[in-house]
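So you can see what is in the structure, the chains are spelled out below.
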Amino acid sequence: MADCGEADGPEKKDELVRAKNEGKELTKEEKQRLRKEKKQQKKQKDEKGPSERAKEKKPVAPSQPVATQPPTQKAPTVLPASAPIPVPASGAPSHSSPAPSPADKPAKSRAEQKAERRARQEADRASKQQSCSSSSKTKAPPSELNPVVKRLPEHVQVDDPAVVKRLAKKLERQQIPLRSDYGYKVSLFSHLHQYSRKAPLTQQLSIPSTVIHPSIVRLGLQYSQGIVVGSNARSVALLHAFKQVIRDYTTPPNEELARDLVNKLKPYISFLNQCRPLSASMGNAIKYIKKEISNIPSQFKEEEAKTKLQNCIDRYIEENVVLAAKAISKYAIEKISDGDVILVYGCSSLVNHILCEAYEKSRKFRVIVVDSRPRLEGREALRRLVQRGISCTYVLISALSYILPEVSKVFLGAHALLANGYVMSRVGTSQIALVARTFNVPVLVCCETYKFCERVQTDSFVSNELDDPDDLIVTRKGKTQLENWHDVSSLGLLNLVYDVTPPDFVDLVITDLGMIPCTSVPVVLRVKNLDQ
Amino acid sequence: MELQAVLMAAGGGSRMMDLTYNTPKPLLPVGNKPLIWYPLNLLERVGFEEVIVITTKEVQKMISTDPKVKLDVKMKLDLVCIQEDADMGTADALRHIQQKVKTDILVLSCDLITDAALHEVVDLFRAHNATLSMLMSKAHEFTETVPGQKGKKKNGEQRDFVGVDGTGKRLLFMANEADLDEGLVIRKSIMRKHPRMHIKTGLVDAHLYCLKKSVVHFLADNKSISSIRGELVPYLVRKQFSKSTNSPKVNDETHQNLKKIDSNVNLEIQISSRDEELLHLTQERSCWNDHRGDMSEAYHGGRLRCYVHIMDEGICYRVNTLAAYIEANRLAPKLFDEPAVHPSAVVSERCLIGADSIIGASCQISDKTSIKRSTIGVSTTVREKVKVTNSIIMHGVTIEEGCNIQGSVICSNAVIGRGADIKYCLVGSAQRIEPDAERTNEVIVGTDQLMEI
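Residues numbered from 1 in each chain as written. Chains lettered and ligands numbered in written order. Predicted model: local features only at pLDDT ≥ 70, side-chain atom pairs only at ≥ 80, totals over all residues. Heavy atoms only, no water.

All names here are of chain B. The 6 strands are arranged 16-19-22-25-28-31 in an open sheet whose pairing can be described as parallel. In the strand order of this sheet, the two ends are held by strand 16 (352-353) and strand 31 (438-440), each with one partner. Here 3 bridges tie strand 25 (residues 404-406) to strand 28 (residues 421-423), and the two strands are oriented parallel to one another. Note that in strand 28 the partner of Ile405 across the bridge is Ile422. (Pairing = 2+ DSSP bridges. Helix = DSSP H or I, 4+ residues; strand = E, 2+ residues; numbered from the N terminus.)

Okay, here's the thing in structure tokens:
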């Protein structure tokens, strides 16, 4: 709804705004006064013309969404257009006109009224198109009048000092230390955080941590040091830590568990975010647990509520991680035939699980593990597969186009699946998909549905994660070439963690709901939302 | 609560009896503060709010009554007294306070002076869910001449052999030279799991340990272990690689000791079995391994893990010998920033006080004195024309005119007569040095102390 705040109606607007802000109904006198003012304005503007009048109606428009708020339910008598339906602005003035006009000009005939209405509508639409571009920048007075405004998450606005200050204030309120950025950031990614592993957040915390639960501190350390890596592992570890928090939680007097526990979790989530940015799967898990907590009926005793929550967590993990993995491997095994040469990238817990299951079901295949610096996660995947007895080949990503002619299928894991069908995964995945497409090798992405995310992203720049740049420094034969990279002012080390793969390169997504094309992700999300 | 701090202050200072026969070791002045202040300050700086202090009745009495002993710490001190003559080791002391231990503990010794970043030790303990995490430091040579030492310093100190893995964090091997008969024996099980081990000898153990709560319970069952450093730590380090801890099944060992140890391991399993599955699932799904080159999972599947943080730079001293005491007095002022000259000291204008000297409260320094690189204790009187260089003067000492004190340690309440020339001596507590005496490289103590063996 484009709201153009016009100059003529500021007093009215202010009054309305004031009334809404105070949350009171407009008193009788105010209502009468407003009605009189409107009559006067209409008489004035009758001479000016319909377009002006149409603009006149605009000041009424901002109040309409406000009308949907409970305190102003009596207001519709004054603002006749404010039916509980949030109607678009262009239609609103047309609604507003009939109501005052019978009061104002009872003499007008119906046909004339209709003509007036239509003229106003047209004029309104025309003027709206004109002023649309100019008004798009001017926001509605307070943002509460416009519930559709979405704020960018702060972790992609690091170069905006206002946002950083806001974050610092929030963390200070929650008594969590702020982690400072490290090193020179490449300009394209200067809007993201970049932390150093050698400066952990625990340096600024007191040692027997009282503000943050010990298991959350442990989890944060494990995230920042890279001991718990991988979307599934991080979510499971998070829920495990939440179980311990819930177990040690006692409701303070005069507080309700449902509300207080959610408030207790907020600083912990900020802390974990500071240690390492939250993943999409973690975000979904947090949403789920918050919903479960707030849905606890107030008559539950504390012990009952705690047991219920712990059971919920166990069930969530069981359904979305363990059983989903079983379902996905069942579907995926159908796609693996004897004699296949399967290419995997990095270490995806789900893909490893699928391959091990397939091997146990006596499929004959061999695996090519592609790895990349600086994480070199493929070594761990290689170890797990070889331990089971699967014959593997190991290459670095630079050898991809050399090895691809041998490959019959590519199995990729995903960190998250975005709502426009893009796959967010470890950096390098998009290259694998691209080259595989060039060689006409089918690319199958395996992803559980709890990793589906409502975000939309088409490039890897907007929202990503920057890891410690010192990881790129390597010492060979006693010499470390990049040791003093800080001194070279024009040198920046970039250690990206994620990238997005367009759906054109992905042939199939195997989820626990079945095998779907990449573009069906929004459907799944919609179905999930309906379920909830 | 995450960690409880336990401060061991019941030690006798057996290696510096000359200093400690009158003053208990925790209350020896270092930089004009009692020795026990330093670890307490470290804990307070890091954020602890309560400390359990295990000490003797004598120390407790002195802390509560003696005005010279001022421990201005804001933390709550829970003093637990043990009998002085009970000859309790540090592990025995832990067993004594077993009832108070409710979470994992951080054990400190009262003679530790350090500016280490404690979070490094505790982070290892937290992140790897370790059973033991300790602090060590590279040893520094003591450069000061130790009074009373005749001849070259014998390297009689037994060396410690510490074996760490490639990252330098995981503790694989710990043994003291005294325990090794013929040579260093390394078990095959260790070599199989960690083929590359770095063995270091020049390290000082700071006697700062993070221990899991189950270890305290284990100590309660195994009364044979009496010292943390001497017995418990080597035991835990060895146990990392023994077969019984690696298998979760109950072993039917007939050996009594092993049975008790298994019961401890089972205890550990019981505590964590509730959420063990989730932790196991996390580890399974996480693509991290602490080593590479073999087919084992992270930590080789072992449940007992010991970690060490080795400090490269920074101050870390254990004041348990005279040499360490002197060195600590030199460096301790760097750890706190109080003015070198206490405001209540009466210092006359014509005396020369070097920048690295510390003058305690209520001192009286007269004219024409020269004090360089020294520490003057509380309520000490220094008369005219005295030269004090490189020395440590404790509380309540009187130094008459014209004395020349160099490189010495003068204990509390001693009196140095007029014109005495003391070089590299240790003057015991309440001793009198007659005027115009000339002493070099001697330990002057009372006759009653001489009888102690």
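Here the narrative resumes, following the displayed structure.
A few words now on the interface of chain B and chain A. In this assembly, 33 residues from chain B lie in contact with 40 residues from chain A. For the pairing of chain B and chain A, the buried interface totals around 3,300 Å² over both sides, and the portion due to carbon and sulfur atoms is 60%. Together, B:Arg126, B:Arg285 and B:Cys287 form the three largest contributors to the area buried by chain B at its contact with chain A, with a combined 24%. Counting across the interface, chain B meets chain A through 0 salt bridges. The biggest single contributor to the side of chain B that touches chain A is helix 10 (residues 256-285) of chain B, with 9 residues. When grouped by side-chain class, the residues that make up the side of chain B that touches chain A number 14 nonpolar, 9 polar and 10 charged. (Contact = heavy atoms within 4.5 Å. Buried area = accessible area lost by both parts, 1.4 Å probe. Salt bridge = Lys/Arg side-chain N within 4 Å of Asp/Glu carboxyl O. Nonpolar A, V, L, I, M, F, W, Y, C, P; charged D, E, K, R; others polar.)

Next up on the list: the packing of helix 13 (residues 302-335) of chain A against helix 14 (residues 349-360) of chain A. Residues and elements named next belong to chain A. In contact at an axis separation of 9 Å, helix 13 and helix 14 are set at 60 degrees when each is read in the N-to-C sense. One finds that helix 13 runs oblique with respect to helix 14. Here helix 13 and helix 14 pass one another in a crossing that is right-handed. On helix 14, the residues that touch Ala325, Lys326, Ile328, Ser329, Ala332 and Ile333 of helix 13 are Leu350, His353, Ile354, Glu357 and Ala358. Its residues placed into classes, the contact of helix 13 with helix 14 shows 7 nonpolar, 2 polar and 2 charged. (Axes fitted to C-alpha atoms, helices over the stretch in contact; angles between N-to-C directions. Parallel < 35°, antiparallel > 145°, perpendicular 65-115°, else oblique. Left-handed = near helix turned anticlockwise from the far one by under 90°.)

A few words now on the packing of aromatic side chains. A full pass over the atoms with the stated rule returns 7 aromatic pairs over all chains. Plain terms: the ring middles of A:Tyr288 and A:Tyr316 are 4.4 Å apart, the flat faces sit at 20 degrees to each other, and that makes the pair stacked. Linking A:Tyr288 in helix 12 (residues 280-294) with A:Tyr316 in helix 13, this pair joins segments that are 28 residues apart in sequence. Residue A:Tyr288 is classed as buried on the basis of its relative accessible area, which comes to 17%. Residue class for A:Tyr316 comes out buried when judged on its relative accessible area of 9%. Through a chain of ring-to-ring contacts, three or more aromatic side chains come together here, namely A:Tyr288, A:Tyr316 and A:Tyr450. Its guanidinium or amino end placed over the ring of A:Tyr331, A:Lys330 lies 5.5 Å from that ring's centre, counting from NZ or CZ. If you follow B:Arg305 out to its NZ or CZ, it ends over the ring of B:Tyr299, 3.9 Å from the centre. (Phe/Tyr/Trp six-rings, centres within 6.5 Å; stacked < 30°, edge-to-face > 60°. Buried < 20%, exposed > 50% of the residue type's maximum accessible area, 1.4 Å probe, protein only. Lys NZ or Arg CZ within 6 Å of the ring centre and 35° of its normal.)

Residue and element names in this part refer to chain A. Among the residues of helix 18 (residues 521-531), Val521, Val524 and Leu525 are the ones counted as buried. Considered in projection along helix 18, the buried side chains sweep an arc of 100 degrees and stay on one side of the axis. Opposite the buried face of helix 18, by more than 90 degrees, sit the exposed residues Arg526 and Leu530. The elements touched by buried residues of helix 18 are strand 5 (416-417) and strand 12 (514-516). (Arc of directions from axis to C-beta.)

This paragraph deals with the sheet that holds strand 4 (residues 409-413) of chain A. Residue and element names in this part refer to chain A. Pairing is mixed in the open sheet, where 7 strands are placed in the order 3-2-1-4-7-11-12. Lying at the two open borders of the sheet, with one neighbouring strand each, are strand 3 (392-396) and strand 12. Averaged over all pairs of adjacent strands, the angle between their axes in this sheet comes to 25 degrees, without regard to strand direction. Sheet topology places strand 2 (residues 365-371) next to strand 3; 5 bridges connect them, and they run parallel. Following the sheet pairing, Val367 is matched in strand 3 by Cys392.

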